[in-house]
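Analysis of the macromolecular model
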Amino acid sequence: MRERSTAVSPVPAAPAAPAALSLRPPWQALNSELWLSSLALAAVFMGLRASGTLGEQPVRWLLPLGFVAMTALPWLLLTTAGRRAIGLQAPRRAGFVLIGITVGVLASALCFALGVALFGHGAGHWFVSVANSYRRTLDTSGMGLLQLHLIFTLPAVLFSPIGEELFFRGLLQRALEQRFSPARSTLIEAGLFGLVHLCHHGLVLSASGLQLQPASATLWVLLMFATALLFAWLRRASDSLLPAIASHAAFNVTMNVFIFAALWN
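Remember, predicted model here, so these are calculated numbers, not experimental data. (Residues numbered from 1 in each chain as written. Predicted model: local features only at pLDDT ≥ 70, side-chain atom pairs only at ≥ 80, totals over all residues. Heavy atoms only, no water.)

What to know about empty space enclosed by the protein
The method is simple in principle: a probe with the dimensions of a water molecule rolls over the atoms, and the space it marks as empty is what remains. A complete count under the given rule lists one cavity of 30 Å³ or more for this structure. By volume, the largest cavity amounts to about 70 Å³. As for the largest cavity, its lining consists of F45, M46, L48, R49, L63, G66, F67, M70, F168 and V196. Every element with two or more residues in the lining of the largest cavity is listed here: α1 (34–54) and α2 (62–77). Broken down by class, the residue content of the lining of the largest cavity amounts to eight nonpolar, one polar and one charged. (1 Å grid on protein atoms, 1.4 Å probe; cavity = no way out; pocket = protein on both sides within 12 Å on 5 of 7 lines; lining within 4 Å. Points joined across faces, edges and corners; volume = space filled by probe spheres on them. Helix = DSSP H or I, 4+ residues; strand = E, 2+ residues; numbered from the N terminus. Nonpolar A, V, L, I, M, F, W, Y, C, P; charged D, E, K, R; others polar.)

In structure tokens:
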């Protein structure tokens, strides 16, 4: 008579937590609580963004300063292995860059179309607010549309796509994964990305203080949250930040095409 096997099937092991990011020697003490330090940095960058966007002309330099700082962080904090871990490497397939560009163009076109459908060319349209921020930044009188497009689009292709993707989808995402699941980490960083864009639309600084445009601000934050999820998907699917950077740049270029072709007057 055959004996029944009493061997117990092995229980599947729980997924291992992501390995700690490889920090440069001066910063290795931060490794265990890097997620907290990264959230503190996010708060600093949000403050710089708000001051540089909503503040008066003398503090406008804080906006590009924040982007430059976000870009420099991976080289200041991380070793070569750490930079690869956040996605500073070639994508799995070159086609992901083209996918990213397509996603960015379509997302920006959707934001424009939804804004027009709900608010026309009025103050509730988020791209109108961006156009107004351009006017506050520079005296645009006497400039042609092509000149304006180049002046405002070149920085929009370089500063925010590189700085924000390196920080939000790169360093912040991977640091949060030391404490939370990848899905929850993505929701946190995408939520912060959405909120920081309130300074581009939704918050208005006037003589009476900060005022909120509740309806359009909520929609704008949700749109930026959804866009951040798309960028995060590109980062995860390609194992690289390059498609997300390309997508972000394509979003900004398309936004400025709509601004100067349809909203500028």
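Read on for the rest.
Describing the side chain of S129
Here S129 is to be found in helix α5 (residues 126–137). When residues no more than four places from it in sequence are discounted, the contact partners of S129 are A123, H200 and H201. (Contact = heavy atoms within 4.5 Å.)

Observations regarding the environment of F251
By the secondary structure assignment, F251 is in helix α9 (residues 242–263). Between the C-alpha atom of F251 and that of P161, which follows or precedes it by 90 residues, the distance is 9.2 Å.

Things to note about the layout of surface pockets
Roughly 700 Å³ of volume is contained in the largest pocket. As for the largest pocket, its lining consists of 32 residues, and the residues nearest its centre are L63, F67, Y134, A156 and H200. Mapped by element, the contributors of at least two residues to the lining of the largest pocket are α1, α2, α5, α6 (145–176), α8 (214–238) and α9. Tallying contributions element by element places α6 first for the lining of the largest pocket, with seven residues. Grouping the constituent residues of the lining of the largest pocket by class yields 18 nonpolar, 10 polar and four charged. Put simply, the second largest pocket is a space of about 290 Å³. If you trace the second largest pocket, you find 17 residues lining it, with L54, R136, L203, V204 and L205 closest to the centre. When residues of the lining of the second largest pocket are traced back to their parent elements, those giving at least two are α1, α5 and β1 (203–206). Each residue belonging to the lining of the second largest pocket can be placed in one class, and the counts come to six nonpolar, eight polar and three charged.

Observations regarding a nonpolar patch on the surface
The grouping of V68, L158 and F159 at the surface amounts to a nonpolar patch, some 260 Å² of accessible area in total. The residue F159 is located in helix α6 in this model. (Patch = residues over 30% accessible without salt bridge, like charges linked within 9 Å, V, L, I, M, F, W, Y side chains within 5 Å. Areas by Shrake-Rupley, 256 points an atom, 1.4 Å probe, with all protein chains shown as cover. Salt bridge = Lys/Arg side-chain N within 4 Å of Asp/Glu carboxyl O.)

Here we look at helix α7 (residues 182–196)
Compared with an ideal rise of 1.5 Å per residue, which puts 15 residues at 21 Å, α7 spans 21 Å between its outermost C-alpha atoms and is within 8% of the ideal. Among the residues of α7, S185, T186, E189, A190, L192, F193, G194 and V196 are the ones counted as buried. Buried residues in α7 make contact with α1, α6, α8 and α9. (Expected span 1.5 Å × (residues − 1). Buried < 20%, exposed > 50% of the residue type's maximum accessible area, 1.4 Å probe, protein only.)

Re the nonpolar core
As a rule of thumb, soluble globular proteins bury nonpolar side chains together. The biggest cluster of nonpolar side chains holds 49 residues, and the ones touching the most others in it are F127, Y134, F167 and I259. Elements with a contribution of two residues or more to this core: α1, α2, α4 (95–119), α5, α6, α7, α8 and α9. A total of nine residues in this core trace back to one element, the largest contributor, which is α6. With residues near it in sequence (within four places) discarded, I259 still touches F127, V130, A131, Y134 and W264. (Core = buried A, V, L, I, M, F, W, Y, C linked by side-chain atoms within 4.5 Å.)

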